[in-house]
Amino acid sequence: MKKSIRTIGYLGLTTAIILAFYQSDTDSLPEEQPSQTGIDTSSRNILPLITATQQTNMDTANTGHLEARANNSAEIPLDEYILSCEEQSIQYIHQGENPDQELTKYNQAIQHSNKPDEQLAYYLSDQEADASEAFEFLRQLNSQSPSNALAYDQLLNLCFAEENINNCDDKLLEKATRADPNNGIPWLNIAALYQVKGESEKALEALHNAVKKPYFDDYHWQLIDFIEQVSDGRLNLSYKARLVSAIGIAAAKPFHFYKVIEMCKSSVANDPVQADVCLSLGKQMEKNSTTITAQGLGLNFQSIYYEATQDKDELALINKKQSRIYYDSQLNETTQKTWQLMSHDENLYRFWLKNMLEHGEIKGMQYVVEEAIWRSRNPNYNPCPNMQN
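Caption draft 1: A look at the packing of aromatic side chains. According to the stated counting rule, one finds seven aromatic pairs in the structure shown. Both rings, one in Tyr123 and one in Phe137, keep their centres 5.0 Å apart while their planes meet at 35 degrees; by these two values the pair is tilted. One end of the pair, Tyr123, is in helix α4 (residues 116-125); the other, Phe137, is in helix α5 (residues 131-139), with 14 residues separating them in the sequence. Residue class for Tyr123 comes out buried when judged on its relative accessible area of 10%. Residue class for Phe137 comes out buried when judged on its relative accessible area of 17%. Both rings, one in Tyr305 and one in Tyr306, keep their centres 5.5 Å apart while their planes meet at 85 degrees; by these two values the pair is edge-to-face. The residues Tyr305 and Tyr306 share a single accessibility class, namely buried. An aromatic cluster of three or more residues is present, and its members are Trp221, Trp339, Tyr349 and Trp352.

Caption draft 2: A look at the state of the cysteines. A complete count under the given rule lists three disulfides for this structure. Each sulfur of the disulfide joining Cys85 and Cys384 lies 1.8 Å from the other. As the torsion about the S-S bond is roughly -75 degrees, the Cys85-Cys384 disulfide counts as left-handed. Of the two residues, Cys85 sits in the loop between α2 (58-75) and α3 (99-111) while Cys384 sits in the segment after α18 (361-376), which places them 299 residues apart along the sequence. Note on Cys384: relative accessible area 3%, which makes it buried. The disulfide partner of Cys264 is Cys278, and the gap between their sulfur atoms is 2.1 Å. Linking Cys264 and Cys278, the disulfide has an S-S dihedral of approximately -85 degrees and is accordingly described as left-handed. Taken as a pair, Cys264 in helix α12 (residues 258-270) and Cys278 in helix α13 (residues 272-288) lie far apart in primary sequence, 14 residues in all. You'll find Cys264 and Cys278 in the same group, each marked buried.

Caption draft 3: Representation of the side chain of Asp217 within the structure. In this structure, Asp217 sits in the loop between α9 (200-211) and α10 (220-231). At a separation of 2.9 Å, a polar atom in the side chain of Asp217 contacts the main-chain amide nitrogen of Tyr219. Separated by 2.6 Å, the side chains of Asp217 and Gln222 make a polar contact. Among residues more than four places away in sequence, those in contact with Asp217 are Asn183, Ile185, Gln222 and Thr290.

Calculation rules
Residues numbered from 1 in each chain as written. Predicted model: local features only at pLDDT ≥ 70, side-chain atom pairs only at ≥ 80, totals over all residues. Heavy atoms only, no water. Phe/Tyr/Trp six-rings, centres within 6.5 Å; stacked < 30°, edge-to-face > 60°. Helix = DSSP H or I, 4+ residues; strand = E, 2+ residues; numbered from the N terminus. Buried < 20%, exposed > 50% of the residue type's maximum accessible area, 1.4 Å probe, protein only. Disulfide = S-S within 2.5 Å. Polar contact = N/O pair within 3.5 Å; in protein donor to acceptor, adjacent residues only side chain to side chain. Contact = heavy atoms within 4.5 Å.

Spatial relationships are all this shows, so hold off on functional conclusions.
Here it is in structure tokens:
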């Protein structure tokens, strides 16, 4: 289903709120559940929608926070304590803001803008934009643009549209890989595209090229950063509202890697050489991906191989890794508290995005958690609404 920028913006707000509020009753690692990290081939997996209404008595909350901070500081080791604003309601929309109206106005403005960055933001954001029109704009974008790799990533996505697929010739695909020559993700998209075209040999060659690359970056963080920066000064919403809207846009980005998954499933039974390529690709993606989504895809490739070869020991290890990723990203209490604190601390949100861009999702989040702990040690740190020292 196509989504307008307005709908996607709300998706981002919902996703961020869910991440901040999602709670677990256990600190132990859940039982191995490999299906929980399955790759959604149309867009990033989003946590099940949870509707929660919280009524807050601010006077009681202020007192409760001070007491909780003192009590928690005594019970939790200093190197693990993170200030909790859990009794405060999370507000991404400031009083008087109208995101529906503002996103609609903004979308119309960048659609008709003559600024290349704003035009690019429109075609990266609006899933209802005409596919042929978007394809032509991106193909003609200045190759020296700082956002060139991001544009070619979207161009490869548009190649899968029926009206564009015949225009995605080898010359264009070569340009797309030159935009970010050390990245394996463009080659995965190209492999998937060749599979759609029925050119199996070229698809396998593209997989071989992907395995040789030192990292796998699906531009998730670059897309969020670019959309937020372009909207700054143009979209009349707070930084946090603009950021979570950009997160929603990135989360709704389509993926076509299911064709590569199908290819690898077929290969493990029929082509040992290709099967080895898929296994090597999986190991590379597990170690060298910038997002949990891409890392999870790498684990899926390995799982496919070990299931087919009936290697129960390796399969059990992969399942354990999948469960660990799921736990660390969604159930880990420290991660949850950090997300919740970020929702009240704009500077910590900015620190989060900076570290995602510089270090990738796993390592970057470790730094953000450390920063949240460090800030929480300061007795004068009070990002919680109406919190008193």
